[in-house]
Amino acid sequence: FRSKQWYQRRVAITAGITDGPKYPWRGVILDTSRNFITLPTIKKVIDGLSASKLNTFHWHITDTHSFPFHSKRRPKMTAWGAYSPDKIYTEKDVIEIESYADVRGVRVVPELDAPAHSGNGYQWGPEEGLGNLAVCVNRDPWEKYCVEPPCGQMNLANPNLYDVVEDIYRDMLDCFTGTAFHIGGDEVNFNCWNTTKEVTDYMDKKGLTRDEHGFMELWNEYQETALARFKKANGGKLKDMVLWTSHMTEPEFLHYLDPKVYTVQYWEHSTNKQLPAIINNGFRVIMSNYDDLYLDCGMGAWVGEGNNWCSPYKGWQKIYMNNPRKMLAKAGITDPSKVKQVVGAETALWTEQAGDQSSLAKIFPRTYALGERYWSDPDTDWFAAERRLVYFTSVMENQRGVYGETMKPEWCVQSEGICILNKL
């Protein structure tokens, strides 16, 4: 030092910090049916959520592709539906994940997707004398009966189905102890039911027309019965019941759903007419609009050629700018009481093209951006957040061992504030 300088430092003896989330529901959905994700990787996801003020791990644990959740009461679900004996989530596994998440301030929300997205795992009904529990299972050409292979929907003509669903609910409730439960509900294919004689005979017997309205009545019968079975399985009480946007959340069919019961997870495009209709009908909403928050977009097509359906890739900047207030304002909704019906958001990783080794890189650091957006709801844009995100991602890798997608060359991480786009 060329000269000695003395500085008087003042240290606060007491201080108060007032902080809190703008939105109570902040997290990610991870699909572990299309490709199995191991417990250590799930724990790393929870570590990343916990450190970035995200509080919800939405576990999409079953789908048409596989049924890895082990049901004590209906063990043949995994016997028929798991990819292999070592790709199963036992009750012990689920309790372990719930406990791990709980101490880190993260709630686990399970999802039993139904009545669509239900195929492999349900084929054992005939051998047990219960009839077909699902229809269109693995049917081809798949394009006629579902949105992606393999196909499968619940057989709503079979009353035995509801006993099985109730038992699965009971098994899930035994180990998932949180306050919310997701019952799926998206992408029902009417042509699957319309080309299944058992279903059409049932509809004829019930006097249901084989058109859009008739199939909606059939679907609603399932919705009401399944909800009653869930309530029965849960000791006469419901939880915060969540379902996806679907044909049933179209404006003309919303009357089938009770806004006092259901929270709607919105995955449609941010400009879709469903969003203002859902809000105006009093529903709480979780944002997962695919044009901003789908993490699997921007890959080559896994069926056919070209890019996958929701391309392009959703960068962290786009996720950071996911602002429900602005979306609703564009739809003409500015009433603060209605804006507050948006309770939060989830990024979504569907795993058609992700597995155990790549999931973390697809989830992080992009989901960190969601954490700041839905905690603070800042008026500033992504540019102001870039330095923080680069530094935070480095900390998560070096101190927490959560390795996401690399954001920049290491030189840029060490030379803070230089590798940015200057506004000339």
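Everything below is about the structure shown above.
Structural notes, computed from the coordinates.

1. Examining the overall build of the protein chain
Logical step 1: Regarding its fold elements, the protein chain presents 16 helices and 10 strands.
Logical step 2: Relative to the globule expectation of 22 Å for 424 residues, the C-alpha radius of gyration of the protein chain, 23 Å, shows essentially globular dimensions.
Logical step 3: In terms of principal-axis extent, the alpha carbons of the protein chain reach across some 95 × 50 × 50 Å.
Logical step 4: In the protein chain, which comprises 424 residues, the proportion classed as buried is 55%.
Logical step 5: Look at the contacts in the protein chain between residues 6 or more apart in sequence, and 71% of them connect residues 24 or more apart.
Logical step 6: Split by element, the accessible area of the protein chain, about 19700 Å² in all, is 51% carbon and sulfur.
Logical step 7: A distance of 9 Å separates the average location of the 48 positive side-chain charges in the protein chain from that of its 54 negative side-chain charges.

2. Some thoughts on the pattern of salt bridges
Logical step 1: Counted by the stated rule, this structure contains 28 salt bridges.
Logical step 2: Note that arginine 73 and aspartate 171 form a salt bridge whose closest N and O atoms lie 2.4 Å from each other. Residue arginine 73 is found in the loop between strand 2 (56-60) and helix 2 (76-81), and its partner aspartate 171 is found in helix 4 (residues 160-175); the two are separated by 98 residues along the sequence.
Logical step 3: For arginine 73, a relative accessible area of 37% gives the class partly exposed.
Logical step 4: On the accessibility criterion, aspartate 171 (2% relative accessible area) is buried.
Logical step 5: In this structure, the salt-bridge partner of glutamate 386 is lysine 408, at a minimum N-O distance of 2.9 Å. Of this pair, glutamate 386 sits in helix 15 (residues 382-400) while lysine 408 sits in the loop between helix 15 and helix 16 (410-414), and the two are 22 residues apart along the sequence. In this structure, glutamate 386 and lysine 408 share a single accessibility class: buried.
Logical step 6: Look at the salt bridges and you will find they share partners, linking Asp31, Arg34, Asp63, Glu148 and Glu352 into a network.

3. Considerations on the packing of helix 1 (residues 39-51) against helix 3 (residues 91-102)
Logical step 1: The interhelical angle for the contact between helix 1 and helix 3, taken along N-to-C directions, is 20 degrees, at an axis separation of 10 Å. When the axis of helix 1 is compared with that of helix 3, the two are roughly parallel. With respect to the hand of their crossing, helix 1 and helix 3 are arranged in right-handed fashion. Within the contact between the two elements, helix 1 uses Leu39, Ile42, Lys43, Ile46 and Asp47 and helix 3 uses Asp93, Glu96, Ile97, Tyr100 and Ala101.
Logical step 2: Partitioning the contact of helix 1 with helix 3 into residue classes produces six nonpolar, no polar and four charged.

4. Let's talk about helix 15
Logical step 1: Taking the largest bend as the criterion, helix 15 deviates by roughly 30 degrees, centred on arginine 388.
Logical step 2: For helix 15, the complete set of buried residues consists of Ala385, Glu386, Leu389, Val390, Thr393, Ser394, Val395, Met396 and Glu397.
Logical step 3: In this structure, the buried side of helix 15 is in contact with helix 1, helix 10 (316-320), helix 14 (366-376) and helix 16.
Logical step 4: Its side-chain oxygen at 3.0 Å from the backbone nitrogen of phenylalanine 383, aspartate 381 defines the N-terminal cap of helix 15.
Logical step 5: Glycine 401 sits one or two residues past helix 15 and shows a positive phi near 70 degrees.

5. Observations concerning the sheet that holds strand 9 (residues 284-287)
Logical step 1: Around the barrel, eight strands lie side by side as 1-2-3-6-7-8-9-10; this closed barrel has parallel pairing. Neighbour-to-neighbour, the strand axes of this sheet turn through a mean angle of 30 degrees, independent of strand direction.
Logical step 2: Set on the sheet, helix 7 (residues 212-233) makes contact with strand 3 (107-114), strand 6 (180-184), strand 7 (240-244) and strand 8 (262-266); between it and strand 7 the angle comes to about 150 degrees.
Logical step 3: Helix-sheet contacts for helix 14 involve strand 1 (25-31), strand 9 and strand 10 (342-349), and the interaxial angle to strand 10 is about 175 degrees.

6. Description of the layout of surface pockets
Logical step 1: Here the largest pocket defines a volume of roughly 500 Å³.
Logical step 2: Lining of the largest pocket is provided by 22 residues; of these, Val147, Glu148, Glu187, Trp309 and Glu352 occupy positions nearest its centre.
Logical step 3: Of the residues assigned to the lining of the largest pocket, the class counts are 10 nonpolar, four polar and eight charged.
Logical step 4: If you add up the space inside the second largest pocket, you get close to 370 Å³.
Logical step 5: Taken together, 21 residues make up the lining of the second largest pocket; nearest its centre are Met321, Asn323, Lys326, Met327 and Lys330.
Logical step 6: Taken together, the elements giving at least two residues each to the lining of the second largest pocket come down to helix 8 (274-280), helix 9 (290-293) and helix 11 (324-330).
Logical step 7: The greatest single-element share of the lining of the second largest pocket, amounting to four residues, is contributed by helix 11.
Logical step 8: Looking at the lining of the second largest pocket, its residues break down into six nonpolar, six polar and nine charged.

7. So, the pairing of strand 6
Logical step 1: Buried residues dominate strand 6, accounting for five of its five residues.
Logical step 2: Here two bridges tie strand 3 to strand 6, and the two strands are oriented parallel to one another. Bridge pairing in strand 6 places alanine 114 opposite glycine 184.
Logical step 3: Sheet topology places strand 6 next to strand 7; three bridges connect them, and they run parallel.

8. Quick notes on the side chain of glutamine 274
Logical step 1: As for its position among the elements, glutamine 274 is in helix 8.
Logical step 2: In this structure glutamine 274 comes out as buried when scored by relative accessible area, which is 1%.
Logical step 3: A distance of 2.5 Å separates the side chain of glutamine 274 from the side chain of threonine 249, its partner in a polar contact.
Logical step 4: Glutamine 274 has contacts with Thr245, Ser246, Thr249, Glu250, Pro251, Tyr266 and Glu268, leaving out every residue within four places of it along the chain.

9. Concerning empty space enclosed by the protein
Unfilled space is identified by rolling a water-sized probe across the atoms.
Logical step 1: What the rule picks out here adds up to two cavities of 30 Å³ or more.
Logical step 2: The computed volume of the largest cavity comes to approximately 90 Å³.
Logical step 3: Around the largest cavity, the lining is made up of 16 residues, and of these Thr64, His117, Cys146, Val147 and Glu148 lie nearest the centre.
Logical step 4: Grouping the amino acids of the lining of the largest cavity by side-chain chemistry returns six nonpolar, six polar and four charged.
Logical step 5: Taken together, Gly184, Gly185, Trp219, Gln223, Leu243, Trp244, Ser246, Met248, Thr249 and Leu257 make up the full set of residues lining the second largest cavity.
Logical step 6: By residue class, the composition of the lining of the second largest cavity is five nonpolar, five polar and no charged.

Parameters and conventions
- Residues numbered from 1 in each chain as written.
- Predicted model: local features only at pLDDT ≥ 70, side-chain atom pairs only at ≥ 80, totals over all residues.
- Heavy atoms only, no water.
- Helix = DSSP H or I, 4+ residues; strand = E, 2+ residues; numbered from the N terminus.
- Rg over C-alpha atoms; globule rule 2.2 N^0.38 Å.
- Buried < 20%, exposed > 50% of the residue type's maximum accessible area, 1.4 Å probe, protein only.
- Contact = heavy atoms within 4.5 Å.
- Areas by Shrake-Rupley, 256 points an atom, 1.4 Å probe, with all protein chains shown as cover.
- Lys, Arg positive; Asp, Glu negative; His and termini not counted.
- Charge placed at Lys NZ, Arg CZ, Asp CG, Glu CD.
- Salt bridge = Lys/Arg side-chain N within 4 Å of Asp/Glu carboxyl O.
- Axes fitted to C-alpha atoms, helices over the stretch in contact; angles between N-to-C directions.
- Parallel < 35°, antiparallel > 145°, perpendicular 65-115°, else oblique.
- Left-handed = near helix turned anticlockwise from the far one by under 90°.
- Nonpolar A, V, L, I, M, F, W, Y, C, P; charged D, E, K, R; others polar.
- Bend = angle between axes of the 7 residues up to and from the residue.
- Polar contact = N/O pair within 3.5 Å; in protein donor to acceptor, adjacent residues only side chain to side chain.
- Pairing = 2+ DSSP bridges.
- 1 Å grid on protein atoms, 1.4 Å probe; cavity = no way out; pocket = protein on both sides within 12 Å on 5 of 7 lines; lining within 4 Å.
- Points joined across faces, edges and corners; volume = space filled by probe spheres on them.

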